[in-house]
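Breakdown of the fold
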Amino acid sequence: MTTAEKKNQTSEQEVLSIPNVMLEAAGIPPDSDLTVEAIPGVLLIGLTEPLRTANQPLFDLFAAIGIEPEEVMTALEEGGYFDE
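The shown structure was predicted, so the numbers you read here are calculated from the model rather than taken from an experiment.

On to the overall build of the chain, then. Secondary structure assignment for the chain yields 5 helices and 2 strands. Helices and strands in the chain line up, N terminus first, as α-α-β-β-α-α-α. Taken across its 84 residues, the chain has 13% of its residues classed as buried. Partitioning the intrachain contacts of the chain with sequence separation of at least 6 by distance along the chain shows that 12% fall at a separation of at least 24. Carbon together with sulfur atoms contributes 55% to the accessible area of the chain, which is approximately 6800 Å² in total.

Structural data, given as structure tokens:
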């Protein structure tokens, strides 16, 4: 394999491709700009703030007992919350 072929192969491997059928199932137009967020073990893809969107029911539950969404978001981004 030549250097040019290796370079081409590397750049192709660095691309994440999402099939249009998956975008349509999620209600995302195929030509949209997407936001990608990563937390340990999870890659979230959406139009805006996919982590907040996916966790809205959880935010609503915690808000009902007086815990602010920012506190929940911080705990999720850190991989959970342990009372030590």
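Let us look at the pattern of salt bridges. Side chains that carry opposite charge are capable of pairing whenever their charged atoms lie near each other. Counted according to the given criterion, the structure contains 1 salt bridge. Of the charged contacts in the structure, one is a salt bridge between E49 and R52, with a shortest N-O distance of 3.2 Å.

Viewed as axis vectors pointing N to C, helix α4 (residues 56-64) and helix α5 (residues 69-77) meet at an angle of 125 degrees, and their least axial separation amounts to 9 Å. What the angle tells us is that α4 and α5 run oblique. Both α4 and α5 take part in a crossing whose hand is right-handed. Here α4 contributes L58, F59 and F62 to the contact with α5, which in turn contributes P69, V72, M73 and L76. Broken down by class, the residue content of the contact of α4 with α5 amounts to 7 nonpolar, no polar and no charged.

Let us now look at the nonpolar core. Grouped together as the largest cluster of nonpolar side chains are 5 residues: L44, L51, F59, V72 and M73. L51 has contacts with E37, I39, L44, M73 and E77, leaving out every residue within four places of it along the chain.

Moving on, we get to a nonpolar patch on the surface. Together, L16, L34, V36, L43, I45 and L47 make up a nonpolar patch on the protein surface, roughly 490 Å² of accessible area in all. The topology assignment puts L43 in strand β2 (residues 42-46). For L43, a relative accessible area of 49% gives the class partly exposed.

What follows concerns the packing of aromatic side chains. Scanning all chains against the criterion turns up 0 aromatic pairs. We note R52 situated over the ring of F59; from NZ or CZ to the ring centre the distance is 5.2 Å.

This brings us to the confidence of the model for the chain. Overall, the prediction assigns the chain a mean pLDDT of 80, with 79% of residues at 70 or greater. Highest mean pLDDT in the chain belongs to helix α2 (residues 20-25) (91); lowest belongs to helix α1 (residues 3-13) (57).

Scoring rules and cut-offs
- Residues numbered from 1 in each chain as written.
- Predicted model: local features only at pLDDT ≥ 70, side-chain atom pairs only at ≥ 80, totals over all residues.
- Heavy atoms only, no water.
- Helix = DSSP H or I, 4+ residues; strand = E, 2+ residues; numbered from the N terminus.
- Buried < 20%, exposed > 50% of the residue type's maximum accessible area, 1.4 Å probe, protein only.
- Contact = heavy atoms within 4.5 Å.
- Areas by Shrake-Rupley, 256 points an atom, 1.4 Å probe, with all protein chains shown as cover.
- Salt bridge = Lys/Arg side-chain N within 4 Å of Asp/Glu carboxyl O.
- Axes fitted to C-alpha atoms, helices over the stretch in contact; angles between N-to-C directions.
- Parallel < 35°, antiparallel > 145°, perpendicular 65-115°, else oblique.
- Left-handed = near helix turned anticlockwise from the far one by under 90°.
- Nonpolar A, V, L, I, M, F, W, Y, C, P; charged D, E, K, R; others polar.
- Core = buried A, V, L, I, M, F, W, Y, C linked by side-chain atoms within 4.5 Å.
- Patch = residues over 30% accessible without salt bridge, like charges linked within 9 Å, V, L, I, M, F, W, Y side chains within 5 Å.
- Phe/Tyr/Trp six-rings, centres within 6.5 Å; stacked < 30°, edge-to-face > 60°.
- Lys NZ or Arg CZ within 6 Å of the ring centre and 35° of its normal.
- pLDDT = per-residue confidence, 0-100.

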